[in-house]
Amino acid sequence: MKPTKSLALTKPDDWHVHLRSGEMLPKVLSDTATSFNRAIVMPNLSPPIRTTSDAVLYRREIEAALEKNSDFTPLMTCYLTDETDPDDLISGFTADVFSAAKLYPAGATTNSDSGVTNVLLLDSVFSAMSDAGMPLLIHGEVVDHKIDIFDREHKFIELILEPLRSRHPNLKIVFEHITTKNAVDYVRSGQPDKLAATITPHHLSVNRSDLFAGGIRPHLYCLPIPKREQHRIALVEAACSGNKRFFLGTDSAPHLIEEKESSCGCAGVYNSPNALQTYIAIFEKNDALDELNSFASLNGPEFYNLKPNTEEIEFVKRSSPVSIDDLVVGSSRVKTFEPPFPLFWTAK
Ligand SMILES: [Zn+2]
């Protein structure tokens, strides 16, 4: 296969990833560290990473699982609960253990049972974070099961996020893995150094109909759930616009195949091996490859007050589609995300 085209990017970072722990960790970490220099590591282990000392131990576990000579840096996050101690949180942030804190409404997604039951309980934590300049990362869905699953993100804006931002106007917030035009418009209305959003490769690639194309597709099931096509198009426009409020976060979330193909399958898409390739395909289709470097490699560090990476990563476009391999974990597998279009780009 001869390369037909090439593309160089500043080495990207992943601003939202699940690396898990134990046997899964070295496998998925290797896929992340191949494509990304740094990653915001989600704290929803079981039990979650709730204190500075939890994060020190988890960071050590990640560093020990890295391949020799890897210069990958994990950026740790704190899982907020009703009991989070603001002093421990801020001392972890000032000591460079924590890069951010994550708000999961209780019960919103995988391992979120100890999440926050009422955000008002955390006002002293948010004030301390705001004063320290510590970013708050939000899984933005209401958890009231009376509210339709497809409405939970846009209801969250009105019921939780807007009141929270009015109480803490200086708090830096990342609205994670947004899925709706409502979220895109809302993020556009904020100050760029105070409100940003990550967008995943799968939410740029699939809409809610794809979840049921020809039968139920458990490997596309994730939370927030993909929405109508008009919302997917709004996400693509936001990512491809170059607007600094939007940046890369894969939300790559591995589950073993038997946890996905089940009578009650887990939410999560494993995309680390081909996330960049999928983003490239989306930007190329939309004639926006010139904006990809901002989205993938510049906007995130700027929001987090970090320098962009200095090295580059190069991709080439093949003349025939690249194969997508699953990840072998022990005697099981993790299915890698397959976008509903072929991928031709591969790292050189
Ligand atoms: Zn996530």
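A brief structural summary.

Reading guide: rules and limits
In every chain, residue numbers begin from 1 and rise along the written sequence. Owing to the predicted nature of the model, reporting of local features is limited to residues with pLDDT of at least 70; listing and counting of side-chain atom pairs is limited to 80 or more, with chain, interface and lining totals taken over all residues. Secondary structure elements follow DSSP: runs of H or I of four or more residues count as helices, runs of E of two or more count as strands, with numbering from the N terminus. The contact criterion used is a C-beta to C-beta distance within 7 Å, with each C-beta placed from the backbone. Strand pairing is assigned whenever DSSP detects at least two bridges linking the two strands. Orientation is described by lines fitted to C-alpha atoms, with helices fitted over the stretch in contact, and by angles between N-to-C directions that extend from 0 to 180 degrees. Orientation categories follow fixed angle ranges, with anything under 35 degrees roughly parallel, anything over 145 roughly antiparallel, 65 to 115 roughly perpendicular, and all other angles oblique. Crossing handedness follows the turn of the near helix against the far one: under a right angle anticlockwise gives a left-handed crossing, and clockwise gives a right-handed one. Every C-beta atom is placed from the backbone, and the number of other C-beta atoms within 10 Å of a residue's own sets its class: buried at 20 or more, exposed at 12 or fewer, partly exposed in between. Directions pointing from the helix axis toward each C-beta atom define the arc.

All right, on to unusual backbone geometry then. In this structure, Pro47 follows Ser46 across a cis peptide bond, with omega equal to 0 degrees. With an omega of -5 degrees, the peptide bond running from Leu223 to Pro224 counts as cis. Of note, Pro224 is situated in the loop between α7 (201-205) and α8 (229-240). With a phi angle near 35 degrees, His177 is a residue other than glycine that sits in the positive phi range. Along the chain, His177 turns up in the loop between β7 (173-175) and α6 (181-188). Notably, Asp287 is not glycine yet its phi reads approximately 55 degrees, a positive angle. Within the element layout of this structure, Asp287 appears in the loop between α10 (275-285) and α11 (289-303).

On to the environment of Thr81. If you trace the backbone, Thr81 turns up in the loop between β4 (73-79) and α3 (86-94). Put simply, Thr81 and Asn37 are 44 residues apart on the chain and 29 Å apart in space, counted from C-alpha to C-alpha. What Thr81 contacts, discounting residues up to four positions off in sequence, is Arg50, Ser114, Gly115 and Val116.

Once that is clear, we can look at the sheet that holds strand β10 (residues 312-317). Read across the open sheet, the three strands follow the order β1-β10-β13; overall the sheet is antiparallel. This sheet does not close on itself; its edge strands, each paired only once, are β1 (5-10) and β13 (345-347). Averaged over all pairs of adjacent strands, the angle between strand axes in this sheet comes to 30 degrees, irrespective of strand direction. Seen against the sheet, α10 touches β1, β10 and β13 and runs at an angle of roughly 140 degrees to β13.

Looking now at the packing of α10 against α11. At a minimum axis distance of 8 Å, the contact between α10 and α11 shows a crossing angle of 140 degrees. One way to sum up the angle between α10 and α11 is to call them oblique. Between α10 and α11 lies a crossing of right-handed hand. Residues Tyr279, Ile280, Phe283 and Glu284 of α10 pack against Leu289, Glu291, Leu292 and Ala296 of α11.

Burial in helix α4 (residues 123-132) covers these residues: Val125, Phe126 and Met129. Summarising the axial view, the buried residues of α4 lie within an arc of 95 degrees, below the 170-degree limit, and thus occupy one face. Exposed residues lying more than 90 degrees from the buried face of α4 are Asp123 and Ser124. On its buried face, α4 is in contact with α3, β5 (98-103) and β6 (136-138). The first or second residue beyond α4 is Gly133, which carries a positive phi of 75 degrees.

The next subject is the sheet that holds β5. The parallel open sheet is built from eight strands, whose spatial order is β2-β3-β4-β5-β6-β7-β8-β9. Each end of this open sheet is capped by a strand with a single partner; those strands are β2 (14-17) and β9 (246-248). For this sheet, the mean inter-axis angle between neighbouring strands, taken without regard to orientation, is 30 degrees. Bridge count for β4 against β5 is four bridges, and the pairing is parallel. Bridge pairing links Thr77 to Ala100 in β5. Across the sheet, α6 lies against β7 and β8 (195-199), angled at about 145 degrees from β8, the strand it touches most.

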